[in-house]
Amino acid sequence: MRKLFLYIIFCVLPFLSIAANKSARAYFNEAARYYVAKDFGKAKAAVREGLWQYPEDKKLLALKKKLENQEKEEQQQQQQQKEKEQEKKEQQQQQQQQQQKEKEKGGQGAEGKQNKEQQEQEQKKKEEEQKKNGQGQESEQQKKEREEKEKKAAEEARKKAEEEKKKAAASQNSGNPSSKSEEGKQATGAMGASAAKPVMSKEEAERLLLALRNKERQTKQKIDQNKQAVPASRQGNDW
């Protein structure tokens, strides 16, 4: 304990006395040197120490205020610098995004053009295939329609032959029975022949119709001849 007391007396007290003897001007000069050297941390420490000894010293207070303003300016400058850096960074990001979009757009444009051409070619191929298939279907349909038309023509020819047969029979009531029966047999034979065929071509139907018309014309000629022969026989009898 005695040693500690002696240590305080001989070591600490001299320094305290020296510090106590340091004037406010000395603190100010020390802080000013640090300020000029832009070592603001040490300048603030010297001002704080001087104001702790001389709290009313105007120079130290003025220097303290100046250091505070300097600190605020530095903070503002740092903040502005950060904002500028942030703005610059955002601009760079926007430029990169814009370039990326343009690049993607350009790539999509070329790719889209290529895809469009490919789609057009595929569509053209599909249309050609559909056209070919449609032509095949159309030929089948035309074939069916032709067969139906031939059947219809044969049926109409048969009906017309029957009607002509009935007309001939009605007009030949006073005519030759043998010719009637013969013509009826021929017409019946023709109709039987036409009915026996399951499918008749257009040419065959036309030939059958032409034969029926010729037969009808011959029948009418015979009927006219018979009508002319009947009055002549009656005149001979009167004589």
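Basis of the calculations
Residues numbered from 1 in each chain as written. Predicted model: local features only at pLDDT ≥ 70, side-chain atom pairs only at ≥ 80, totals over all residues. Heavy atoms only, no water. Helix = DSSP H or I, 4+ residues; strand = E, 2+ residues; numbered from the N terminus. Buried < 20%, exposed > 50% of the residue type's maximum accessible area, 1.4 Å probe, protein only. Areas by Shrake-Rupley, 256 points an atom, 1.4 Å probe, with all protein chains shown as cover. Lys, Arg positive; Asp, Glu negative; His and termini not counted. Salt bridge = Lys/Arg side-chain N within 4 Å of Asp/Glu carboxyl O. Contact = heavy atoms within 4.5 Å. Core = buried A, V, L, I, M, F, W, Y, C linked by side-chain atoms within 4.5 Å. Polar contact = N/O pair within 3.5 Å; in protein donor to acceptor, adjacent residues only side chain to side chain. Axes fitted to C-alpha atoms, helices over the stretch in contact; angles between N-to-C directions. Parallel < 35°, antiparallel > 145°, perpendicular 65-115°, else oblique. Left-handed = near helix turned anticlockwise from the far one by under 90°.

Attention now moves to the overall build of the chain. When helices and strands are tallied, the chain shows 6 helices and 0 strands. Residues counted as buried form 14% of the 239 residues belonging to the chain. About 20,000 Å² of surface is accessible on the chain, with carbon and sulfur atoms providing 50% of the total.

Let us look at the side chain of Glu-164. Mapped onto the elements of the fold, Glu-164 is located in helix α4 (residues 58–171). The charged side chain of Glu-164 is buried without a salt bridge, its nearest counter-charge being Lys-160 at 4.6 Å. Other than its neighbours up to four places away in sequence, Glu-164 contacts Leu-212 and Glu-216.

A few words now on the nonpolar core. Of all hydrophobic cores here, the largest spans 12 residues; its members are Ala-24, Tyr-27, Ala-31, Tyr-35, Phe-40, Ala-43, Ala-46, Val-47, Leu-51, Leu-60, Leu-63 and Leu-67. Every element with two or more residues in this core is listed here: α2 (24–36), α3 (40–53) and α4. If one sorts the elements of this core by residue count, α3 sits on top with 5 residues. Dropping the residues within four chain positions of it, Leu-67 is found in contact with Tyr-35, Phe-40, Ala-43, Lys-44 and Val-47.

Among the structural elements, Glu-30 can be located in helix α2. We classify Glu-30 as buried; its relative accessible area is 18%. Of the polar contacts made by the side chain of Glu-30, one reaches the side chain of Lys-22; its length is 2.7 Å. When residues no more than four places from it in sequence are discounted, the contact partners of Glu-30 are Lys-22 and Ala-46.

Attention now moves to the packing of α2 against α3. Across the interface, α2 lies against α3 with an axial gap of 7 Å and an inter-helix angle of 165°. Classified by the angle between their axes, α2 and α3 sit roughly antiparallel to one another. As for how α2 packs across α3, the hand of that crossing is left-handed. Residues Tyr-27, Glu-30, Ala-31, Tyr-34 and Tyr-35 of α2 form the contact with α3, whose own contacting residues are Phe-40, Lys-42, Ala-43, Ala-46, Val-47, Glu-49, Gly-50 and Gln-53.

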